[in-house]
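Listed below are the residues making up each chain.
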Amino acid sequence: MSFVPTATAVLNPWTLILGALEKKINRQSFETWLKPTRHSHVAGKTLYVRIPSGEFQHIGDRYADLIQEAIDNLGLAEEIESVTFTTPAQEEPKRREDGGFAPVPSHSSNAPSSGSRRQGAAATGVEQARFDWNSASQLNPRYQFDAFVIGSGNQFAMAAAQAVAERPSKAYNPLFLYGGVGMGKTHLMHAIGHDVKRRQPHASISYVSGEKFTNEMINSVRYDKMTSFRDRFRTVDVLLIDDIQFLAGKERTQEEFFHTFNALHEGMKQIVIASDRPPKELADFEDRLRSRFEWGLIADIQPPDLETKVAILQKKAESEHTQLPTDVALFIASNVRTNVRELEGALVRLIAWCGMHGVEITLAVTQQCLKQFIDTQVRKISIEAIQRAVAEQFGMRVAELKQKNNSRQIVVPRQIAMYLAKQLTEASLPEIGRQFGGKHHTTVMHSIAKIDEHRRSDKDMNRTINKLMETLG
Ligand SMILES: Nc1ncnc2c1ncn2[C@@H]1O[C@H](COP(=O)(O)OP(=O)(O)OP(=O)(O)O)[C@@H](O)[C@H]1O
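Treat the numbers as computed from the prediction; the structure is a model and nothing was measured.

*Asks:* I would appreciate a short explanation of the overall build of the protein in the present structure.
*Replies:* The secondary structure content of the protein amounts to 24 helices and eight strands. Expressed as a percentage of the 473 residues in the protein, the buried residues total 49%. Long-range contacts, defined here as pairs at least 24 residues apart, represent 72% of the contacts in the protein between residues at least 6 apart. Accessible surface computed for the protein: about 22,200 Å², of which carbon and sulfur atoms make up 50%.

Take a look at the structure:
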């Protein structure tokens, strides 16, 4: 197969860079400052990016390091040496003068200008980007149900999400989705939004992160705008609130959300909540909120197995109009541990790299291109690091893991730590035994078998281990 970057609209360098920045920058800043930017063109080794107004010029300064990092990570450093941000107003006169398209370099991330950054009718673009919160544009058009690959770890959550989209407020209210980083919670929430909108075009849908909800509330208190804040959140038909764990310990915000929740629930409006943990593990949350989260349906998303990871890669490649050989998909899927976002990152990098170098996607090219990416993924994890993470997870001291103490509170964490040491390091069984206070290698073997068995039958145990693996990875 020869790779032709046909889908340039999707695969242009700035879109790829934005994809990388989205993972590093908080959602609100990304939505406000980066989402409204557009790829313009590449001339020489300069990437030109269209910004809505002069107000956005500071992007070059503010995100210079992250932009550079994204360029490096995407393997674009040879092709792109600087990024220049231009407003339509800056491009137009120059285009007229030249009779062609040659944007005036107004601000480069590699050579920041110190000139005035406030030009033209700056406020308009910013206001739109920031306050167009109630429209469907809040939803990522790519996060649809049919783009979501179903596997054993997410089929329950997917079915629940579809039921909610078909019968908002009548199937399960609230729907509480939880799972680890990059498992597809946001994807499913947006898919619900799109689906409801398709069935009921006049429904008002609001997607908001816990962080944004908090910040908007703080601003509304500060500027005496609580009434409009309340109106906004209490009058929607579907409220999708992501990363609810962000509200932990924020009493005032929780109180406000409690009333929002009640108003919506009483008004038969659908609420969908996403979190990185189940309601009962949301520490520093009021009980009355936690119990409300359990009123409807709680659905967890477990990490994808190998087959699901391969299917996700194939689907993503398809949406980028790229054919992915099976051996390549298998290679990526078995080298990227669990996080689907990382999986996509590897694929995006591979497609960009092959596109830029004009080569076909083969296993050899993939191994070369993703070497650094995968090396960082499997970077050496030490047994000490595992012991620290496990001790922290169970609120105990590392020394206790090594003691000759066979009480259940100690034995289970110790067995988990040994299991992780086997999974994540190259240490032999005797070596693992030595690092746990001189245990015999058969004890280590027994511990590993025990946890392996528990992991299959005990969902909570499985989740704890996945969480530890994510932390360590
Ligand atoms: N089953 C799946 N099929 C297709 N794409 C998936 C699947 N699961 C996750 N993804 C993709 O992985 C990326 C990360 O997913 P998403 O942002 O929804 O994760 P999340 O659980 O909300 O993570 P976080 O807790 O970090 O917010 C998205 O691009 C999403 O489309």
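*Asks:* What should I look at first to understand the site of the ligand in this one?
*Replies:* Surrounding the ligand, one finds 18 residues, the nearest of these being Val-149, Lys-185, Thr-186, His-187 and Glu-344. Contact distances for the ligand include 3.3 Å between a nitrogen atom and a side-chain N or O atom of Asn-154. Between an oxygen atom of the ligand and a side-chain N or O atom of Glu-344, the distance comes to 2.8 Å. Here the ligand loses 93% of its free accessible area of 630 Å² to cover by the protein chains.

*Asks:* Looking at this model, I keep getting lost on the UniProt feature "binding site: ATP" (unreviewed entry) in the protein. Mind explaining?
*Replies:* Cross-referencing UniProt, the feature "binding site: ATP" (unreviewed entry) maps to Gly-182, Gly-184, Lys-185 and Thr-186 in the present numbering. Mapped onto the elements, Gly-184 comes out in the loop between β4 (175-179) and α9 (185-199). Look at Gly-184 and you get buried, because its relative accessible area is 17%. Once residues within four sequence positions are removed from consideration, Gly-184 is found in contact with Phe-148 and Ile-301. Within the secondary structure, Lys-185 is located in helix α9.

*Asks:* Is there a simple way to explain the environment of Phe-156 in this structure?
*Replies:* Take Phe-156: it is sitting in helix α8 (residues 155-166). Assessed through its relative accessible area of 45%, Phe-156 is described here as partly exposed. Separated by 145 residues in the primary sequence, Phe-156 and Ile-301 place their C-alpha atoms 7.9 Å from one another.

*Asks:* Quick question: what am I supposed to make of the packing of aromatic side chains here?
*Replies:* For any pair of aromatic rings, geometry is given as the distance between the ring centres together with the angle between the planes. Per the counting criterion, the structure on display carries 11 aromatic pairs. Taking the centre distance of 5.5 Å and the plane angle of 35 degrees together, the rings of Phe-176 and Phe-293 count as tilted. Separated by 117 residues along the polypeptide, Phe-176 in strand β4 and Phe-293 in helix α13 (residues 287-293) bring together distant segments of the chain. In terms of burial, Phe-176 and Phe-293 fall into one category: buried. Taken together, a centroid distance of 6.4 Å and an interplanar angle of 70 degrees make the contact between Phe-257 and Phe-261 edge-to-face.

*Asks:* Just to check I follow, could you spell out unusual backbone geometry for this structure?
*Replies:* Most peptide bonds adopt trans geometry, and most residues besides glycine take a negative phi value. Note the cis peptide between Asn-173 and Pro-174, where omega equals 0 degrees. If you trace the backbone, Pro-174 turns up in the loop between α8 and β4. A positive phi angle, close to 55 degrees, is found at Asp-224, a residue other than glycine. Within the secondary structure layout, Asp-224 lies in the loop between α10 (210-222) and α11 (226-234).

*Asks:* Quick question: what am I supposed to make of the side chain of Arg-292 here?
*Replies:* The residue Arg-292 is located in helix α13 in this model. Buried Arg-292, no salt bridge; nearest opposite-charge side chain is Glu-266, N-O distance 6.7 Å. Beyond its immediate sequence surroundings of up to four residues, Arg-292 is in contact with Pro-174, Phe-258, Phe-261 and Asn-262.

*Asks:* Would you take a moment to explain the nonpolar core for this structure?
*Replies:* The nonpolar side chains of soluble globular proteins are, as a tendency, buried together. Membership of the largest hydrophobic core comes to 30 residues, with the highest contact counts inside it found for Ile-386, Ile-416, Leu-420, Ile-432, Ile-465 and Leu-472. Looking at this core, the elements with two or more residues in it are α19 (383-393), α21 (408-424), α22 (429-435), α23 (441-457) and α24 (459-472). Counting residues per element, this core draws most heavily on α21, which supplies nine residues. Residue contacts for Ile-432: discarding those within four places in its chain leaves Ile-383, Met-418, Ala-421, Lys-422, Ala-427 and Val-444. Counting 27 residues, the second largest nonpolar core, distinct from the first, contains Ala-161, Met-189, Leu-240 and Val-272.

*Asks:* Explain the pairing of strand β3 (residues 82-86) here, please?
*Replies:* Across a regular strand the side chains alternate sides, sitting on one face of the sheet and then on the other. Counting buried positions along β3 yields five of five residues, so the element is predominantly enclosed. Burial along β3 is two-sided: Ser-82, Thr-84 and Thr-86 and Val-83 and Phe-85, pointing in opposite directions, are all buried. The pairing of strand β2 (residues 46-50) with β3 spans five bridges and is classified as parallel. Counterpart to Thr-46 in the pairing with β3 is Ser-82.

*Asks:* Explanation requested: the packing of α8 against α9 in the structure shown.
*Replies:* Describing two packed helices takes the angle between their axes plus the distance from one axis to the other. At a minimum axis distance of 8 Å, the contact between α8 and α9 shows a crossing angle of 30 degrees. With respect to α9, the axis of α8 lies roughly parallel. For α8 against α9, the interelement crossing comes out right-handed. On α9, the residues touching Ala-157, Met-158, Ala-161, Val-164, Ala-165 and Glu-166 of α8 are Leu-188, Ile-192, Asp-195, Val-196 and Arg-199. Residue composition of the contact of α8 with α9, by class: eight nonpolar, no polar and three charged.

*Asks:* I keep staring at helix α16 (residues 340-357) and nothing clicks. Help me out?
*Replies:* Because an α-helix packs 3.6 residues into every turn, residues spaced three or four apart end up facing the same way. Between its terminal C-alpha atoms α16 stretches 26 Å, which fits the 26 Å expected from 18 residues at 1.5 Å a residue. Within the sequence span of α16, burial applies to Val-340, Leu-343, Gly-345, Ala-346, Leu-347, Arg-349, Leu-350, Ile-351, Ala-352, Trp-353 and Cys-354. If you check the start of α16, you find a side-chain oxygen 2.7 Å away from the backbone N of Arg-341, and it comes from Asn-339. After α16 finishes, the residue Gly-358 shows a positive phi value of roughly 60 degrees.

Conventions we followed
Residues numbered from 1 in each chain as written. Predicted model: local features only at pLDDT ≥ 70, side-chain atom pairs only at ≥ 80, totals over all residues. Heavy atoms only, no water. Helix = DSSP H or I, 4+ residues; strand = E, 2+ residues; numbered from the N terminus. Buried < 20%, exposed > 50% of the residue type's maximum accessible area, 1.4 Å probe, protein only. Contact = heavy atoms within 4.5 Å. Areas by Shrake-Rupley, 256 points an atom, 1.4 Å probe, with all protein chains shown as cover. Near = heavy atom within 4 Å. Polar contact = N/O pair within 3.5 Å; in protein donor to acceptor, adjacent residues only side chain to side chain. UniProt positions renumbered as here; feature names shortened; annotations may be inferred. Phe/Tyr/Trp six-rings, centres within 6.5 Å; stacked < 30°, edge-to-face > 60°. Lys, Arg positive; Asp, Glu negative; His and termini not counted. Salt bridge = Lys/Arg side-chain N within 4 Å of Asp/Glu carboxyl O. Core = buried A, V, L, I, M, F, W, Y, C linked by side-chain atoms within 4.5 Å. Pairing = 2+ DSSP bridges. Axes fitted to C-alpha atoms, helices over the stretch in contact; angles between N-to-C directions. Parallel < 35°, antiparallel > 145°, perpendicular 65-115°, else oblique. Left-handed = near helix turned anticlockwise from the far one by under 90°. Nonpolar A, V, L, I, M, F, W, Y, C, P; charged D, E, K, R; others polar. Expected span 1.5 Å × (residues − 1).

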